[in-house]
Structure formats: structure tokens, C-alpha cells
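# Report on the structure
Spelled out from the first residue to the last, the chains are:
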Amino acid sequence: MNYYSTNKQAPLASLKEAVIKGLAGDKGLYMPEQINTFTPEEIEGMKEMSFHEIAYRVARAFFGEDVEPDILKKIVEDTLSFDTPVVHVHDNIYSLELFHGPTLAFKDVGGRFMARLLGYFIEKEGKEEVNVLVATSGDTGSAVANGFLGVPGINVYVLYPTGKVSPIQECQFTTLGQNITALEIDGTFDDCQALVKAAFMDADLNAHMNLTSANSINVARFLPQSFYYFYAYAQLAAQGKADELIFCVPSGNFGNITAGLFGYWMGLPVKRFIAANNRNDIFLEYLQTGQYNPRPSVATIANAMDVGDPSNFARILDLFSQKGGDTYGNIKELISGYRYTDEQIADTMRYVYTTYGYLLDPHGACGYQALTDSGLAPEETGVFLETAHPAKFKDTVDTILDTDITIPEKLRAFMQGTKQSFPLSKEFGEFKTYLLSR
Ligand SMILES: *Cc1c(COP(=O)(O)O)cnc(C)c1O
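Here is a short report on the structure shown in this document. Remember, predicted model here, so these are calculated numbers, not experimental data.

On to the packing of helix α5 (residues 107–125) against helix α6 (residues 139–148). At a closest axis distance of 8 Å, the pairing of α5 and α6 adopts a crossing angle of 40 degrees. Viewed along their axes, α5 and α6 adopt a mutual orientation that is oblique. Crossing handedness for the pair α5 and α6: right-handed. Residues K107, D108, G111, R112, M114, A115, R116 and L118 of α5 touch α6, and the partners they reach there are D139, T140, A143, G147 and F148. Residue composition of the contact of α5 with α6, by class: five nonpolar, three polar and five charged.

With that settled, the discussion passes to the site of the ligand. Close to the ligand lie 15 residues; K107, D139, G252, N253 and F254 are nearest. F254 has a polar backbone atom sitting 2.8 Å from an oxygen atom of the ligand. Contact distances for the ligand include 2.9 Å between an oxygen atom and a backbone N or O atom of N256. Protein burial of the ligand: of its 380 Å² of free accessible surface, 97% is covered by the chains.

Across the interface, helix α4 (residues 69–79) lies against α5 with an axial gap of 9 Å and an inter-helix angle of 145 degrees. The two elements α4 and α5 meet at a crossing, and its hand is right-handed. Where α4 abuts α5, its residues I71, L72, I75, V76, D78 and T79 lie against V109, R112, F113, R116, L117 and Y120. A class-by-class count of the residues in the contact of α4 with α5 yields eight nonpolar, one polar and three charged.

Here the focus is the pairing of strand β7 (residues 154–161). Where burial is concerned, most of β7 is hidden: eight out of the eight residues are buried. With burial as the criterion, each face of β7 is covered, one bearing I154, V156, V158 and Y160 and the other bearing N155, Y157, L159 and P161. When strand β6 (residues 130–135) meets β7, the two strands line up parallel, connected through six bridges. Its bridge partner being in β7, V132 is matched across the sheet by V156. One crossover worth recording links β6 to the parallel β7 by way of α6, and it is right-handed. Summarising the sheet, β7 and strand β8 (residues 180–186) pair through six bridges and their orientation is parallel. Bridging from a neighbouring strand, Y157 pairs with T181 of β8.

Under the 1.5 Å per step criterion, the end-to-end length of helix α17 (residues 362–373) is 16 Å for 12 residues, consistent within 8% with the ideal 16 Å. Among all positions in α17, only P362, H363, G364, A365, C366, G367, Y368, Q369, A370 and L371 are buried. Phi turns positive, to about 70 degrees, at G375, one or two residues after α17.

The next point concerns the packing of aromatic side chains. The description of an aromatic ring pair rests on the distance of the ring centres and on the angle between the ring planes. Scanning the entire structure with this criterion turns up 27 aromatic pairs. Their ring planes at 45 degrees and their centres at 4.7 Å tell us that F254 and F283 sit as a pair that is tilted. On the criterion of sequence distance, the pair formed by F254 in the loop between β10 (245–250) and α12 (255–265) and F283 in helix α13 (residues 282–289) is long-range, its members being 29 residues apart. Here the two residues F254 and F283 agree in accessibility, since each one is buried. Taken together, the ring pairs connect Y228, Y229, F247, Y264, W265, F273 and F320 into an aromatic cluster. Over the aromatic face of Y56 sits the side chain of K73, whose NZ or CZ is 5.1 Å from the ring centroid.

As a further point, take the sheet that holds β8. Spatially, the five strands line up as an open sheet ordered β9-β6-β7-β8-β14, and their pairing is parallel. One side of each edge strand has no neighbouring strand; the edge strands of this open sheet are β9 (210–213) and β14 (422–425). For this sheet the average axis-to-axis angle between neighbouring strands, irrespective of direction, equals 30 degrees. The sheet strands contacting helix α8 (residues 189–201) are β6, β7, β8, β9 and β14, and the helix crosses β6 at an angle near 150 degrees.

All right, on to unusual backbone geometry then. With the exception of glycine, the majority of residues adopt a negative phi angle, and the majority of peptide bonds are in the trans configuration. One non-glycine residue, Q178, lies in positive phi territory at about 45 degrees. Tracing the backbone through its elements, the reader meets Q178 in the loop between α7 (167–174) and β8. Phi is positive for F254, close to 65 degrees, though the residue is something other than glycine. Judged by its relative accessible area of 4%, F254 is buried.

The strand order across the open sheet built from three strands is β2-β1-β3, with neighbouring strands paired in antiparallel fashion. Since the sheet does not close on itself, it has two edges, and those belong to β2 (13–14) and β3 (30–32), each with one partner. Across three bridges, strand β1 (residues 2–5) lies against β3 in antiparallel orientation. Note on β3: the bridge partner recorded for Y4 is M31.

The rules behind the values
Residues numbered from 1 in each chain as written. Predicted model: local features only at pLDDT ≥ 70, side-chain atom pairs only at ≥ 80, totals over all residues. Heavy atoms only, no water. Axes fitted to C-alpha atoms, helices over the stretch in contact; angles between N-to-C directions. Helix = DSSP H or I, 4+ residues; strand = E, 2+ residues; numbered from the N terminus. Parallel < 35°, antiparallel > 145°, perpendicular 65-115°, else oblique. Left-handed = near helix turned anticlockwise from the far one by under 90°. Contact = heavy atoms within 4.5 Å. Nonpolar A, V, L, I, M, F, W, Y, C, P; charged D, E, K, R; others polar. Near = heavy atom within 4 Å. Polar contact = N/O pair within 3.5 Å; in protein donor to acceptor, adjacent residues only side chain to side chain. Areas by Shrake-Rupley, 256 points an atom, 1.4 Å probe, with all protein chains shown as cover. Buried < 20%, exposed > 50% of the residue type's maximum accessible area, 1.4 Å probe, protein only. Pairing = 2+ DSSP bridges. Right-handed = clockwise from strand over helix to strand, strands pointing away. Expected span 1.5 Å × (residues − 1). Phe/Tyr/Trp six-rings, centres within 6.5 Å; stacked < 30°, edge-to-face > 60°. Lys NZ or Arg CZ within 6 Å of the ring centre and 35° of its normal.

Structure representation (C-alpha cells):
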């Protein structure tokens, strides 16, 4: 299958090109030329299937033309070495727990899938090494680094702002060794991102080494996120609870919810979607006014959603405009939005913990509250995506709930490793010299 750019000014790309390039030459985001659909019978049949079987069928719809069946199956199985269960919270509200992977956040799914797909393309071509550059404010770096750990032919450089990443997050990408290098930048997350962007534009560096990006714009990172929407449907359908399904997605760059929208157009029976935001509510403002006005992000306790210019907004617009008609009207009809301040997020966490005994992380709390505020009808089933394990935000969660939550074994193992990072200033010249020496 070919991929086009949302800006329509770049040539079509093969899957391999789209995965290796990440962003199209015209700075647009790649979109698959076709969205293959499932029949209602095929969807219905999923309630009898395992997560691996469902995910493989969805993967085949996207990547089946480009990757041999047995290899694709293996990539799916290796990616999903953990479950994404739907857990009942109360009444008709369910949590889709996406935090059972190695770094305890939903980004593990895309990070691991992309690493394996890229590894496959490199091995097949007998290509020289590929270098993945990723800027992180915390969660992305750990998911990408762990996804790529030990994949032959790939080196990963994680750039992170010194002192601005929590110790729990930092240890998840600084203690790995092997093909993962952590670069500790004396600057902000924006400085890290600027360094990565400048590297992609630099002719000397590109002549010296193959560079690629692993941010959520990459089709191999974002499309696999649709797997667990189908699986959530299957788990609820098996209980007869999926007739009027609503998904509520805590959103930052809007990659996760966009993957759900792809599922919807592949035939997944979803009644509506909700995008939950923290104070960075550019999308909500769009829903209210029809105007998209990106602005600098503000810091919140749900920091993985602190995004002022969601990159996948371009994909949402493109998806809906493909369908014809009134794009803005159709978006508003299928997706609603809510926004929460830090105080509201904390209140929700306390309320749900004391009333129902369910521990929410600050991101999932936005999802839970938006689902509740949207006014679920008794016959509807509401599912919010719990995007991270509360222990990833232990300090915040313990302060709000007055708890001392247990850190899962997986996370503890990272914390026992030895930190290795290479300090750099935010000057591009220094970063370039460092890369040229590799
Ligand atoms: C990345 C992230 C989000 C936001 O996901 P998008 O795909 O960027 O919308 C939400 N919660 C957590 C915990 C995350 O790490």
C-alpha cells in the first residue's frame, strides 16, 4: 500500500519509505491510501478471538500487502507480549488498561511494533545501520528505547532535558545500554526537539548516517494503536455490552484517538468518541469554534498531554475530509471534547479512589471524568483509556491520594540499573560534532 502526505505536496511513499522517513518531505503526515474494512460478521467473530488473532487481522488490513503473513504475525506477537484488559470500574463505565507493557504506558504498543517493522525492513535490505533520533519529555523516550532495545542494525539516541524528567521516567531510558544512548541536554524539551529537527535538515549529517525519527507521527507507531480498540470491543461484545460503545481518550498529540478513528472507519461499531484534555485544550476550542489556533503548551500534572499543537490534528482533518461533506460538522458529530484543570483532575482521582477503590493516574482521570460528564445513557457502555500506570506518576498520585502506592516489579528493575547519559549543550554544533564522531 502507498502512503500520501496530508499536505499533498510530496510523492507517494511505500510503507518502508514512510516508516524510515517518518515525516513526508512537505512536512505533512503520511496516511494510508486505502482503509480496508471488515464486514459486520468479521467484527462479530472477533469476540471469540484472542488479542493476538484480532491484532493480526487488523495489522493485515494495514500492512498485509507489504509484509509476509508469517512475519507480520510474528511482529504482532512479539509486540503484544502483554495484555490490554478492559476492567469494570462501576455501572456502565470501564477502563481499558493500556499500562501492562514494559514501560507501563500505552506507547509501548506503537514503540515495539515500529521497532520490529523497521528491524524487518533493515534486515531484508541488508542495509547499513539506521539511527533513530527521539526527543522526549518523559514517556516517549522510554517506550521507544525499550521497543528498540537489542534490535540489530538500529541505534537509538534519546534526547531529554536535564532535570525536567522525573527520576522514574529517566531510569527507563538511561539504564538500558546496548544500542540505546541517552543524551542529556542542558535545555528544555523544545530545545531537544529543535536539535532533532535540525539534524534531519543537516546535509553533512545525512551524508554521514541514516537518520530516522520515532515520534508518534510515524505510521508504524500510530496505526498499531488501533489493535486494542478492536480487542476492547471484543471483550465487551463477549459480555453482550458492546452495542452502544463510547471510547474516551486522554489526548495530547491525538495519535491514540486517531488510531481509534481508523478503527471506526474499518467498521468497528463505535457510537461516538470523546477527547479528554487537560488545560491544553486547543482541540476543544476547535470543536467549539471551528478555528484551530495552536499555542505554546502549559505544564500540568497530566504532563504527557501537555501539547499546544497536536500533530495528528492534520490526520483527523484529512480522514474526515476524505469522507466528503461538512468536515467540521462531521467531526463535531462523532467527537466531543472536555478539558480539566489540575485541581479537577486531583478531585476526580480522589473521588474514584475513595468511592470505587480504583486508582487512576492523572491522564486516565481526565478520561474517566470526560466520560462521566458526557452523560452516558443507561444502555451505553463507556470505555476510557487508562494510558499509564499510576506508579509512573507516583509522587503526584501519592500526594493527591495520600497513599504510598507500590511500584511494579518491572519499573523497580529499571530503577536499580546504573544511569548512563552523555551531557550536551543545546547548541546544534556540539550535537552535530557528537553524531559525526559516531
Ligand atoms: C502520550 C500520552 C498521552 C497522549 O497520547 P496522544 O496519542 O499523544 O494523544 C496520554 N497519556 C499518556 C500517559 C501518554 O504517555
